[in-house]
Amino acid sequence: MKDEIKLFLETQGRKDLVVHFEDEAWNKRVAYLADIFDQLNKLNLKLQGSETHALLFQDSLRAFVSKLQNWRRKTNLGNIIMFEKLCGMMDESQLQLDQFLKDEITGHFQSLKKGVECYFPELSQEQEALVRNPFSTKLDVSSIPDEIQDEFFNLRNDSSAHYLKVKSVTQFWCAMYQSYSKVSMIALRVLVPSASTYLCEAGFSTFVNIKTKNRNILDVGDDMRLALTNFRPRISKIAAEMQDKGTWQAPAVQLLSQVQQQTILAICDLCVP
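Residues numbered from 1 in each chain as written. Predicted model: local features only at pLDDT ≥ 70, side-chain atom pairs only at ≥ 80, totals over all residues. Heavy atoms only, no water.

**Observations regarding the overall build of the protein chain**
Counting its regular elements, the protein chain contains 15 helices and zero strands. Counting over 273 residues, the protein chain shows a buried share of 32%. A separation threshold of at least 6 residues defines the contact pool for the protein chain, and within that pool the share at least 24 residues apart is 58%. Put simply, the protein chain shows about 18,300 Å² of open surface, and 55% of that area lies on carbon and sulfur atoms. (Helix = DSSP H or I, 4+ residues; strand = E, 2+ residues; numbered from the N terminus. Buried < 20%, exposed > 50% of the residue type's maximum accessible area, 1.4 Å probe, protein only. Contact = heavy atoms within 4.5 Å. Areas by Shrake-Rupley, 256 points an atom, 1.4 Å probe, with all protein chains shown as cover.)

**Observations regarding the packing of aromatic side chains**
The description of two aromatic rings rests on the distance between their centres and on the angle between their planes. Under the defined criterion, the tally for this structure stands at nine aromatic pairs. Geometrically, the ring pair formed by Tyr-32 and Phe-83 is edge-to-face, given 5.5 Å between the ring centres and 90° between the ring planes. With Tyr-32 in helix H3 (residues 24–46) and Phe-83 in the loop between helix H4 (54–76) and helix H5 (84–93), the pair connects residues that are 51 residues apart, well separated along the chain. Comparing Tyr-32 with Phe-83 shows no difference in burial state: the two are buried. (Phe/Tyr/Trp six-rings, centres within 6.5 Å; stacked < 30°, edge-to-face > 60°.)

**What to know about the environment of Tyr-119**
When you line up the elements, Tyr-119 lands in the loop between helix H6 (99–117) and helix H7 (125–132). The class for Tyr-119 is exposed, based on a relative accessible area of 59%. Along the backbone, Tyr-119 and Leu-61 are 58 residues apart, and their C-alpha atoms lie at a distance of 8.8 Å.

**Some points on the pattern of salt bridges**
Two side chains of opposite charge can pair, provided their charged atoms sit close to one another. In total, this model carries six salt bridges according to the counting rule given. Among the ionic pairs, Lys-28 bridges to Asp-98, the shortest N-O distance being 3.5 Å. Of the two residues, Lys-28 is situated in helix H3 and Asp-98 in the loop between H5 and H6; the sequence distance between them amounts to 70 residues. Given a relative accessible area of 6%, Lys-28 falls into the buried group. When salt bridges that share partners are traced, they join Asp-59, Arg-62, Glu-128 and Arg-132 into one network. (Salt bridge = Lys/Arg side-chain N within 4 Å of Asp/Glu carboxyl O.)

**Describing the nonpolar core**
One finds Tyr-32, Ile-36, Trp-71, Phe-83, Leu-86 and Phe-109 to be the most contacted residues of the largest nonpolar core, which totals 25 residues. Contributions of two or more residues to this core are made by H3, H4, H5 and H6. Per-element tally for this core: the top contributor is H4, with six residues. Counting 21 residues, the second-largest nonpolar core is a separate cluster that includes Leu-55, Ala-187, Leu-188 and Val-190. (Core = buried A, V, L, I, M, F, W, Y, C linked by side-chain atoms within 4.5 Å.)

**A short note on helix H8 (residues 146–156)**
For H8, every residue scored as buried is listed here: Ile-148, Gln-149, Glu-151, Phe-152, Leu-155 and Arg-156. Buried residues along H8 sit against H7, helix H9 (159–162), helix H10 (169–176) and helix H11 (181–191).

**A short note on H10**
Inspection of H10 places Phe-172, Trp-173 and Met-176 among the buried residues, and these make up the whole buried set. Relative to the axis of H10, the buried residues are bounded by an arc of 90° and lie together on one face. As for H10, its buried residues are in contact with H7, H8, H9 and H11. (Arc of directions from axis to C-beta.)

**Focus on the packing of H7 against H11**
For the pair H7 and H11, the least separation of the axes is 9 Å and the interaxial angle reads 105°. One finds that H7 runs roughly perpendicular with respect to H11. Contacts between H7 and H11 involve Gln-127, Leu-130 and Val-131 from the first element and Val-183, Ile-186, Ala-187, Val-190 and Leu-191 from the second. Across the contact of H7 with H11, the residue classes tally to seven nonpolar, one polar and no charged. (Axes fitted to C-alpha atoms, helices over the stretch in contact; angles between N-to-C directions. Parallel < 35°, antiparallel > 145°, perpendicular 65-115°, else oblique. Nonpolar A, V, L, I, M, F, W, Y, C, P; charged D, E, K, R; others polar.)

**Quick notes on the side chain of Glu-128**
Among the structural elements, Glu-128 can be located in helix H7. A polar contact is formed between the side chain of Glu-128 and the side chain of Arg-62, at a distance of 3.0 Å. Residues in contact with Glu-128, not counting those within four places in the same chain, are Leu-55, Gln-58, Arg-62 and Leu-123. (Polar contact = N/O pair within 3.5 Å; in protein donor to acceptor, adjacent residues only side chain to side chain.)

**Considerations on the environment of Glu-126**
Structurally, Glu-126 can be placed in helix H7. Residue classification places Glu-126 among the partly exposed positions, given a relative accessible area of 32%. Taking the C-alpha atoms as reference points, Glu-126 and Asp-140, 14 residues apart in sequence, are found 6.6 Å from one another. Once residues lying within four places of it in the same chain are set aside, the contact partners of Glu-126 are Leu-139, Asp-140 and Ser-143.

**Remarks on the packing of H4 against H7**
Close contact between H4 and H7 brings their axes to 12 Å; oriented N to C, the two are set at 110°. Classed by the angle they form, the pair H4 and H7 counts as roughly perpendicular. Crossing geometry of H4 relative to H7 is assigned as left-handed. Facing H4, whose interface residues are Leu-55, Gln-58, Asp-59 and Arg-62, H7 presents Glu-128, Val-131 and Arg-132. The residue makeup of the contact of H4 with H7, split by class, is two nonpolar, one polar and four charged. (Left-handed = near helix turned anticlockwise from the far one by under 90°.)

Here you go:
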């Protein structure tokens, strides 16, 4: 891509920009920026999804901060193997990582670290421990409100809760809410709030797909509900139940089963994020 951009600028007569491609220090900075943006894109993908919560975000951000600290240490030693494009350019041109560039890169790591750490307020260790693993023997019970402590001990000693097979901590606390509502509410107050704008952006994208220029007076309330739900409509079962109610409905049911079934399913496939 570098050669193509350089050729394009030459054909446009932008010699003031082409001259940068001959600058080794500038090329090193661009290669580093390409690598660090690639790492940021990977982090961004981890923060997307409909079932994310603050604890998952904290895990991903803490891992990224740890990587930054490790990259800073390695860069100071002249080891840039973690940056594919910069490392490839240095090997290809047999260049050395000068001290000035080292200082720029490590300084950028420090600013990134500060920026990432301020995204989410830190939960107290006791609150985080309760949400992640209420069965931990290291959990300080005195940090739990007095009126909830008895219920907490019931939960901790519930063998069925110990061996409950669930895929996520959110599913665990939702399953516990019926039996241990007060303790579960503490955890759900941490897990339920949306940690990103992903769901909002997905809703807007669905809205744009449904309410096009040719359907600008359409009331999309019901359509949005159908498109954003995780439930798949069982059209065949609904149509069969309607047919059992009377033969006079058969033509309409036949039309539903052949045309509207495909339309509804197509909307779901198109719009469900």
